[in-house]
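What follows is each chain in one-letter form.
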Amino acid sequence: MEQELDSSLPCWKHLVSAILAMEPSQCLISHAMACGGGSITHHVQQFISDHCLSTPGDFHAPYLKNFLKKLITHLEFNHASVLDQLYELYAHYIASFQYDSLGNRDARICKRISFLSPDGCSELLSCPNSRVLVFPLQCSLNMLEGDTGCSIWPSSLFLSELILSRPELFSNKSCFEIGSGVGLVGLCLAHVKASKVILSDGDLSTLANMKNNLELNHLNVETDMLQRSKDSSMVKCLYLPWESASESQLQDIMPDVILGADVIYDPVCLPHLVRVLAILLNQINLEFYRQCASCKDLSPNIKHENGEHNHRDAVDRSDGRCKAIYNDASTSGSKEAPVAYIAYVIRNIETLNYFLSLVEKANLNIVDVTDSLKPVNLLPYMQSYNQTSVKLLRITCSNIQSD
Ligand SMILES: C[S@@+](CC[C@H](N)C(=O)[O-])C[C@H]1O[C@@H](n2cnc3c(N)ncnc32)[C@H](O)[C@@H]1O
């Protein structure tokens with residue numbers, strides 16, 4: 001006889017979270033097997049039918065249909081008996097949704113990203129005490145061809161985990177993100193109570209989708225930089241292509257923290273991106289940027305927090321905060337300098353090296369803090385995301401000293 005399983009175990013929460021985040025079917029099947037102790041028992045099938053497939057109407061039906069098909073195929077292949085309910089549900093999906101819009105390149109879907117607290121995996125989503133943070137996000141199924149910013153990239157998952165696991169770095173700080181995409185990082189910043197959250201992107205359709213996502217998550221969106229608001233749920237969204245962002249526009253923002261996730265990929269944009277960072281970090285060397293287009297010397301090293309000039313793959317362990325000795329006439333004494341956190345996945349080493357060379361030539365400090373600021377794994381169910389594939393740089397202006 002099938003044993004009654006303990007549905008308070010983390011694997012159940014992982015299964016639900018993976019479905020909500022629209023993880024690939026194979027990932028769902030492996031979570032379902034973990035719930036059943038190695039096989040997808042009747043009890044697990046019943047749970048899937050009751051808790052995972054009876055989702056709100058806006059859930060992407062072709063996704064569920066595809067999962068059901070893979071699930072039934074898996075069960076039949078393994079000679080397991082399949083609950084009638086699953087067959088009936090699959091028949092319903094076949095009859096209701098003739099065309100599988102998973103193949104439709106323009107399709108928008110709503111993923112729900114759940115951040116699970118490591119010690120809070122003992123309750124299911126339906127339980128009010130469940131320690132889980134869920135953000136619905138409208139995304140595109142098509143990562144490329146103009147919809148780059150409407151997909152969730154791994155570095156924004158990494159930065160989100162960082163914000164939620166190290167809130168002290170962002171709470172009560174004015175935070176500004178470049179190339180914000182779907183807006184997930186902004187939602188996390190608002191959650192940890194950053195004093196100001198300003199998101200930006202250089203693509204108008206991405207910006208529209210971002211605003212939609214902020215509203216979906218009950219945040220108020222403001223587009224006017226000059227408007228000063230005390231509303232803590234207010235997030236500003238700016239159209240800010242790096243190429244045309246003016247010095248005065250950037251100086252108006254003057255954030256404490258600058259964030260960027262997966263923004264290092266197009267060599268053509270990199271001089272502009274670094275110019276934006278340099279201005280925001282208060283390091284302007286206009287002459288350098290006039291010559292930037294002809295920069296050919298690409299041989300930088302990342303300076304590590306131990307002070308050594310190591311090569312890129314070296315590991316650093318310290319977590320020192322920085323204080324600026326600012327050339328700011330309006331401030332007496334020292335104040336904390338702005339800091340930029342740039343998360344990236346290495347896809348093309350030459351592009352990364354180009355970025356690093358530009359940062360070094362702009363006379364900015366760059367430190368690899370991937371290990372010292374390693375976030376807690378809050379997305380343990382997400383097999384499509386590998387936290388270790390993401391690197392984190394901390395960039396500051398060069399006239400600062402570590403505490
Ligand atoms: C790979 S996506 C990353 C999106 C988001 N940060 C994430 O990690 O999910 C790069 C983002 O940078 C934006 N972007 C690319 N080039 C830009 C530019 N020159 N100026 C402003 N934004 C740009 C894109 O529109 C897109 O939203």
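Parameters and conventions
- Residues numbered from 1 in each chain as written.
- Predicted model: local features only at pLDDT ≥ 70, side-chain atom pairs only at ≥ 80, totals over all residues.
- Helix = DSSP H or I, 4+ residues; strand = E, 2+ residues; numbered from the N terminus.
- Contact = placed C-beta atoms within 7 Å.
- Buried ≥ 20, exposed ≤ 12 C-beta atoms within 10 Å, placed from the backbone.
- Arc of directions from axis to C-beta.
- Pairing = 2+ DSSP bridges.
- Axes fitted to C-alpha atoms, helices over the stretch in contact; angles between N-to-C directions.
- Near = placed C-beta within 6 Å.
- Nonpolar A, V, L, I, M, F, W, Y, C, P; charged D, E, K, R; others polar.
- Core = buried A, V, L, I, M, F, W, Y, C linked by C-beta atoms within 7 Å.

For the chain, an unreviewed UniProt entry supplies the name FAM86 N-terminal domain-containing protein and the organism Clitoria ternatea.

Engineer: Just to check I follow, could you spell out the overall build of the chain for this structure?
Structural biologist: Secondary structure assignment for the chain yields twelve helices and twelve strands. Sequence-distant contacts in the chain: of pairs separated by 6 or more residues, those separated by 24 or more amount to 71%.

Engineer: For this particular structure, what's the right way to read helix α3 (residues 42–52)?
Structural biologist: Think of an α-helix as 3.6 residues a turn; residues three or four steps apart then line up on the same face. Val-44, Gln-45, Phe-47, Ile-48 and Cys-52 are the residues of α3 that are buried. Buried residues along α3 cover an arc of 160° about the axis, so they all sit on one side. Summarising the contacts, the buried residues of α3 are in contact with α1 (10–20), α2 (25–35) and α5 (84–96).

Engineer: Is there a simple way to think about the sheet that holds strand β6 (residues 234–239) in this case?
Structural biologist: Paired through backbone hydrogen bonds, the strands of a sheet run either parallel or antiparallel to each other. Spatially, β5-β6-β4-β3-β7-β9-β11-β10 is the arrangement adopted by the eight strands of the open sheet, whose pairing is mixed. Each end of this open sheet is capped by a strand with a single partner; those strands are β5 (220–222) and β10 (364–368). Averaged over all pairs of adjacent strands, the angle between their axes in this sheet comes to 25°, without regard to strand direction. By the bridge criterion, five bridges tie strand β9 (residues 339–344) to strand β11 (residues 391–397) in an arrangement that is antiparallel. In the sheet register, Ala-340 faces β11, and the bridge partner there is Ile-395. Packing against the sheet, helix α8 (residues 204–216) makes contact with β4 (196–201), β5 and β6, and its axis sits at approximately 175° to β6.

Engineer: Explanation requested: the site of the ligand in the structure shown.
Structural biologist: Around the ligand, the surrounding shell holds 22 residues, and the nearest of these are Gly-149, Ser-156, Gly-179, Gly-181 and Gly-202. Among the residues forming the shell around the ligand, the class breakdown is eight nonpolar, ten polar and four charged.

Engineer: How should I be thinking about the environment of Gly-181 in this particular structure?
Structural biologist: On the secondary structure map, Gly-181 appears in the loop between β3 (174–178) and α7 (184–191). On the neighbour-count criterion, Gly-181 (29 C-beta atoms within 10 Å) is buried. Along the backbone, Gly-181 and Ser-151 are 30 residues apart, and their C-alpha atoms lie at a distance of 7.1 Å. Residues within four places of Gly-181 in sequence aside, it is in contact with Gly-149, Trp-153, Ser-156, Asp-201 and Thr-206.

Engineer: Would you mind going over the environment of Val-339 with me for this structure?
Structural biologist: Relative to the helices and strands, Val-339 resides in strand β9. For the pair Val-339 and Ile-395, spaced 56 residues apart in the sequence, the C-alpha separation amounts to 6.0 Å.

Engineer: Just to check I follow, could you spell out the nonpolar core for this structure?
Structural biologist: Nonpolar side chains tend to gather and get buried jointly when the protein is soluble and globular. Judged by nonpolar contacts, the single largest core of 106 residues is most densely connected at Leu-15 and Leu-277. Not counting residues up to four positions away in its chain, the partners in contact with Leu-15 are Leu-28, His-31, Ala-32, Cys-35 and Cys-52.

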